[in-house]
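Geometric and topological summary
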Amino acid sequence: MKLTLTLATLATAAAAANLFNGFSYNPKQLKTGACPTVDTVRDDLSVLSKYTNQVRIYSVKDCNQGEPVLRAMENTDWKVQLGMWVSNVESVYEADRNELIRLAGVFDFKKHVSAVIVGNEAIYRKEQTSAQIAAKVRDTKVALTKIGLGSIPVTASETWPYYDPTLVAAVDYVNVHAFPFWEGTPIEGAQDKVFEHIYAIQKLAGSKKVVVGETGWPDAGGNFDAAVPSLANEQRYLKEFICRANLEKIDYIWFSAFDEAWKPVTNASDVETHWGVLKGDKTPKFASPMYDCKGFVPSNKPSSSSSSSTPASSSSSKTGSKPSSTPNGHSNTDKSDGKPSGTDSDSDKSSDSQEKSDTSKNSAAWSPVGSGLSAVSIAASMAALAVSAFI
């Protein structure tokens, strides 16, 4: 019995340490970028189920990926944050919105859809203004309300300098991206840098919940100024961010689930195929537990007066966001200084400028990512397995 309980305890600890609120997930096939099928998505979710039960996708229309993702989630407890791609071509948004409404008539959105995300860094790419994205958020909320799905939170994803009061007022919760790597921050200062941005956005958001919609660190590729990609740095950033986020009750979506070999590498730093916590063969990069928060002590929380983050008014060309992709899927850089000039190399973009890859409620009871796999449920499952082996 003593051995049985010890194994159960170890299983519980290991499960809790492998827990993620959710992953950024591009359902396209990892090696080729081919469109997903229900079977390929099911295989991905089977692998990811050890770590979470929530993913975020970036378009429901590109490759018609919304349907296989939702189909694969039927009869499971998986949740998805459905993205709607927005570019400077209005028909792109309209196609995603129409597909969203069609899917809502086929699948159980109340069970499986934890949020709808309108646009992904379109303001940063200078393809939309905050007023335009805010209008699309309101349009989507009205469309969902008309079909009885007004309870599903709707937001927009932007990098920290580009969230402004206009956008904050429109969304149900603030979904912000922050990448210290793309600011050229050395790993030693990355924890403080990302939380500096989070605190500034929380101040701007007022009573609305702030969720980190993307953050991560690559394990290979070229340096970006003082930011060095390496396996050790990826794991350090993962531990420091997640442990501090857990302490401060900040929800997040980790970028990203898998390394994706099909992504372009001709950008400011050839790291785009190296952001996953799992390799391209779907095996984990890190031994279990991926991180251990025991004894973790966060850096000092910067005061609001000392914070250098200035949402919606930053003049810096480094915004902590991934470089952008052109319509052929290759990334742009500012040729004058080599710094990222845009964002979202999460996936290729089609010829119509779509890269479709990838609430006002502030109570602890609600969270777009809080519906992900709980430490209790994953730990209980592993503990049960450990106990049953000795029954």
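Computed from a prediction, not measured in an experiment: that's the story for all the values here.

Reading guide: rules and limits
- Residues numbered from 1 in each chain as written.
- Predicted model: local features only at pLDDT ≥ 70, side-chain atom pairs only at ≥ 80, totals over all residues.
- Heavy atoms only, no water.
- Helix = DSSP H or I, 4+ residues; strand = E, 2+ residues; numbered from the N terminus.
- Buried < 20%, exposed > 50% of the residue type's maximum accessible area, 1.4 Å probe, protein only.
- Pairing = 2+ DSSP bridges.
- Right-handed = clockwise from strand over helix to strand, strands pointing away.
- Expected span 1.5 Å × (residues − 1).
- Core = buried A, V, L, I, M, F, W, Y, C linked by side-chain atoms within 4.5 Å.
- Contact = heavy atoms within 4.5 Å.
- pLDDT = per-residue confidence, 0-100.
- Salt bridge = Lys/Arg side-chain N within 4 Å of Asp/Glu carboxyl O.
- Polar contact = N/O pair within 3.5 Å; in protein donor to acceptor, adjacent residues only side chain to side chain.
- Axes fitted to C-alpha atoms, helices over the stretch in contact; angles between N-to-C directions.
- Parallel < 35°, antiparallel > 145°, perpendicular 65-115°, else oblique.
- Left-handed = near helix turned anticlockwise from the far one by under 90°.
- Nonpolar A, V, L, I, M, F, W, Y, C, P; charged D, E, K, R; others polar.

In this structure, N26 sits in the loop between β1 (23–24) and α2 (38–48). Between the C-alpha atoms of N26 and V55, which are 29 residues apart in sequence, the distance is 9.1 Å.

Residues V174 and V176 line one face of strand β6 (residues 174–177) and the alternating positions N175 and H177 line the opposite face, and both faces are buried. As judged from the 3 bridges shared by strand β5 (residues 154–159) and β6, these two strands associate in the parallel manner. Across the sheet, S157 pairs through a bridge with N175, a residue of β6. Running through helix α7 (residues 165–170), the crossover from β5 to the neighbouring parallel element β6 is right-handed. Crossover β6 to strand β7 (residues 210–215) through helix α8 (residues 187–205) is right-handed.

In this section: α8. For α8, built from 19 residues, the straight-helix expectation of 27 Å at 1.5 Å per residue is met to within 8% by its first-to-last C-alpha distance of 27 Å. Listed in full, the buried residues belonging to α8 are I187, A190, Q191, V194, F195, E196, H197, I198, Y199, A200, I201 and A205. Following α8 by one or two positions, G206 has its phi on the positive side, about 65°.

All right, on to the pairing of β5 then. In terms of burial, β5 is largely enclosed, as 6 of its 6 residues are buried. Burial along β5 is two-sided: V154, A156 and E158 facing one way and T155, S157 and T159 facing the other are all buried. Bridge count for strand β4 (residues 113–120) against β5 is 3 bridges, and the pairing is parallel. Bridged to N120 within β5 is S157. In this fold, β4 hands off to helix α6 (residues 130–146), which returns the chain to β5; that crossover is right-handed.

Our focus in this paragraph is the environment of F224. Turning to its location among the elements, F224 is positioned in the loop between β7 and α9 (231–247). Accessibility expressed as a relative area gives 4% for F224, which makes it buried. Through-space distance from the C-alpha of F224 to that of W182 is 6.8 Å; in sequence the pair is 42 residues apart.

Grouped together as the largest cluster of nonpolar side chains are 87 residues, with contacts concentrated most on F20, F109, F241 and W254. No other element matches α8, which puts 8 residues into this core. In this structure, W254 is in contact with F20, G22, F23, S24, T215, G216, W217, Y237, L238, F241, I242 and V277, ignoring residues within four places of it in sequence.

Detailed reading of the predicted model is not advised wherever pLDDT is low. On average, residues of the protein chain carry a pLDDT of 81, and 72% of them reach 70 or more. The model gives residues 303–308 a pLDDT under 50, and that stretch makes 5 contacts with residues more than four places away or in other chains. The model gives residues 313–317 a pLDDT under 50, and that stretch makes 7 contacts with residues more than four places away or in other chains.

Right, let's get into the pattern of salt bridges. Across all of its chains, the model carries 22 salt bridges by this definition. Among the salt bridges present, the one from D172 reaches K141, with a minimum N-O distance of 3.0 Å. Pair noted here: D172 is in the loop between α7 and β6 and K141 is in helix α6, with a separation of 31 residues, a long-range link. D219 is paired through a salt bridge with K285; the nearest N and O atoms lie 2.8 Å apart. Pair noted here: D219 is in the loop between β7 and α9 and K285 is in the loop between β8 (252–254) and α10 (375–388), with a separation of 66 residues, a long-range link. For D219, a relative accessible area of 17% puts it in the buried group. Among the residues examined, K285 registers a relative accessible area of 10% and is labelled buried.

Further remarks concern α9. Its 17 residues place the ends of α9 24 Å apart at the C-alpha level, agreeing with the 24 Å of an ideal helix rising 1.5 Å per residue. Considered for burial, the residues of α9 that qualify are N233, E234, Y237, L238, E240, F241, I242, C243, R244 and A245. Residues of α9 that are buried make contact with α8, β7 and β8.

For the rest of this paragraph, the subject is the side chain of H177. With respect to the helices and strands, H177 occurs in strand β6. Reaching out from H177, the side chain makes a polar contact with the side chain of E121 at a distance of 2.4 Å.

Any two packed helices are characterised by how steeply their axes cross, that is the angle between the axes, and by the distance between the axes. As a packed pair, α2 and helix α3 (residues 66–73) sit with axes 8 Å apart at the nearest point and diverge in direction by 55°. Classified by the angle between their axes, α2 and α3 sit oblique to one another. Crossing handedness for the pair α2 and α3: right-handed. Residues V38, V41, R42 and L45 of α2 lie in contact with α3, whose contacting residues are P68, V69, R71, A72 and M73. Considering only residue class, the contact of α2 with α3 consists of 7 nonpolar, no polar and 2 charged.

α6 packs onto helix α4 (residues 90–104) with a crossing angle of 20° between their chain directions and a minimal axis gap of 11 Å. By the angle between their axes, α4 is roughly parallel relative to α6. Judged by the twist between their axes, the crossing of α4 over α6 is right-handed. Mapping the contact onto sequence places E90, Y93, R97, L100 and I101 in α4 and K136, D139, T140, A143 and L144 in α6. Per-class residue counts for the contact of α4 with α6 are 5 nonpolar, 1 polar and 4 charged.

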